[in-house]
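# Examining the three-dimensional arrangement
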Amino acid sequence: MLVWPWIFFGVVFSLGGIQAGNHFANVVMENPHTLNFFVTLIGNVITLIVDILFSFSILRFSQEWVSDNKGVTVFHVSLISALRHHEWPWKIQDLKHLFVRNRWLLATLAGACIICFTFVPSSVTSLINPVTFNRTTSISVTEIDLSSISPDCINWFASNQIPNQCDWKTYEGQYYTTCLGENQMVDVLEAGRGRILSSLPNNTQSLTFSQLSNSSLHFLGPIRGVLPMGPNGVPAFNNLSSSPFSIPSQRAAMISYNYTLEHQGLSSNVTCSPDKESPIDIFDLVPPVRGLFQYNGTCDPDRMENIFEPNKAFLSILCNNTLAFWTCKSKQTDGEQSSYYIYLRGLGGLEDGYKSAIGNITCTVSPIQPAIFNVTYQSAPNLFISEGRISTSPIAFPGFLDRAMIAVGGVVWEAQNWESNLVAESVITFGAKVFNIPPYNPIIQYMPLYEAMIQGIIEYEATYSRLLYSALDGRPPTCTRPVNGVASYEVFGWSVDNRHVNFGEPCCVGYPHYSHCCVENSNEEI
């Protein structure tokens, strides 16, 4: 009985806790009152056993001591009774007789022994009572590396460019569309919304992306171009290495968990400003069709390149709230990446339409680079949080960004209907509802919102591009990067710490103290 608490403590401490079985944990957690009853009962039974063994040892030791000592007094008998029955035998009027010679030391040790025994039930209960405790483990996955400079990786990207034609396909049980923009309108607007919300202090509104996974992914804040690949990421691309999360029984036993992975996303910066002129040209169909028109744009040949296919023109609806879009990119120089220029042009016949509310806007997208972000998943709210940029690197395949920017134009084009444009209305609605900006205020006040909306759309298109490339076969190993992280999860079982050393002392403190005092004073006259 002296040794078992320390053996139990040592085993649990060395293992970092002992996790209970799933069935036992579920039963116990659903019946906490029953747990308290049985743990207290076990503590009392062990206390009774300790009490009996201690009493036997006191009785045996006293018999030997009395037989070897002829000067046994009433004090000795009272002391032995106190130790055996854990009761204080002396009254207040007897205290003056205790503070003579060495009696005070023996009486003090007897009192300490009695007090220690009152803590034995609590000591045992604290040691054997199952609780929730946290464990940590390292986890790792893999993802596409947009910064790889390997020739075979660059060639693989170049030979597998994202097509303009949209079609449904399936990969590992997940349906997805093979193009950018067209069928992800809700997600795209949600990404822009997330970027705008991230500018609010203490934002608590989460985003839901239904096109990235069959079970939907929820983000708090911007998506930043990452595609979660961890335990709760996109199931179709789950390549989690061996860990407690990859073992179904251990994962099922987790009460809650958080993990952080260093995913690769995109780092970008968008700045917008009103412009007096626009490179977007508007022209009628041939033959003309009422309510329809075409538009395209012209890029400055000295400074820019056109990223759209030659003679590209968008067919659109002409109404009081029409938004047109065009994109150019700067010519790439040695050692520098290209910047992108996004042009928006509001059209309409009314004074309070997009022609006056939006006018001409020119946005500059600084060189976009792959960046590593800390992406944290929290199981309790079922949310991903992407933050904390760690590093950036040049992108090896610029065509990846070209397709993403073309997709942004496709989103604006697809968002147009007979009444308004969903992209513009999202910005105007946020300005009015959240930031209290009048809907048709001078456009300068809406610039930060357009910047956030465009940046969010770019980030989502980068995320979906990752999904499309992840579904392709034949990817060279040089196009893959390891994603490392750490997870913390809560389980139910037995856990100990340094405090239990103090809690366990009452289980054995009486034996050495009593033996010491008796040996030291056995031949002294009291």
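Check the entry above for the structure.
A brief report on the enclosed structure follows. These numbers come from a predicted model, not from an experiment. (Residues numbered from 1 in each chain as written. Predicted model: local features only at pLDDT ≥ 70, side-chain atom pairs only at ≥ 80, totals over all residues. Heavy atoms only, no water.)

Helix and strand counts for the protein chain stand at 15 helices and 18 strands. Burial statistics for the protein chain: of 526 residues in total, 48% are counted as buried. Surface exposure of the protein chain reaches about 25,700 Å², of which carbon and sulfur atoms provide 55%. (Helix = DSSP H or I, 4+ residues; strand = E, 2+ residues; numbered from the N terminus. Buried < 20%, exposed > 50% of the residue type's maximum accessible area, 1.4 Å probe, protein only. Areas by Shrake-Rupley, 256 points an atom, 1.4 Å probe, with all protein chains shown as cover.)

Taken in spatial order, the three strands of this open sheet run S9-S10-S12, and their pairing is antiparallel. One side of each edge strand has no neighbouring strand; the edge strands of this open sheet are strand S9 (280–283) and strand S12 (314–317). Across the sheet, the mean angle from the axis of one strand to that of its neighbour is 35°, orientation sign disregarded. Bridge analysis of S9 against strand S10 (residues 292–297) gives four bridges, and the strand direction is antiparallel. Across the sheet, isoleucine 280 pairs through a bridge with glycine 297, a residue of S10. (Pairing = 2+ DSSP bridges. Axes fitted to C-alpha atoms, helices over the stretch in contact; angles between N-to-C directions.)

Moving on to the nonpolar core. Of all hydrophobic cores here, the largest spans 107 residues; its most connected members are Phe157, Leu212, Ile342, Ile361, Tyr450 and Ile458. Ranked by residues supplied to this core, first place goes to helix H13 (residues 447–470) with 14 residues. Among all residues touching leucine 212, those that are not within four sequence positions of it are Gln174, Asp187, Leu217, Ile223, Leu227, Val234, Tyr460, Thr463, Tyr464 and Leu467. Counting residues in each nonpolar core, the second largest holds 22 residues, with Val28, Leu35, Cys113 and Val120 among its members. (Core = buried A, V, L, I, M, F, W, Y, C linked by side-chain atoms within 4.5 Å. Contact = heavy atoms within 4.5 Å.)

A side chain with one charge may pair with a side chain of the opposite charge, provided their charged atoms come close. Under the counting rule described, the total for this entry stands at five salt bridges. With a closest N to O distance of 3.3 Å, arginine 303 and aspartate 300 form a salt bridge. The exposure class of arginine 303 is partly exposed, given its relative accessible area of 45%. Assessed through its relative accessible area of 29%, aspartate 300 is described here as partly exposed. Aspartate 402 serves as the salt-bridge partner of lysine 329, at 3.1 Å between the closest nitrogen and oxygen. Here lysine 329, found in strand S13 (residues 322–330), pairs with aspartate 402, found in helix H11 (residues 398–414); they are 73 residues apart in sequence, far enough to count as distant. Here lysine 329 matches aspartate 402 in class, with each residue buried. (Salt bridge = Lys/Arg side-chain N within 4 Å of Asp/Glu carboxyl O.)

Before going further, it helps to examine helix H8 (residues 185–197). The first and last C-alpha atoms of H8 sit 18 Å apart over 13 residues, in line with the 18 Å expected at 1.5 Å per residue. In terms of residue burial, H8 counts as a mostly covered element, since 11 of its 13 residues are buried. Looking at H8, one finds that the buried residues are Met185, Asp187, Val188, Leu189, Glu190, Ala191, Gly192, Gly194, Arg195, Ile196 and Leu197. (Expected span 1.5 Å × (residues − 1).)

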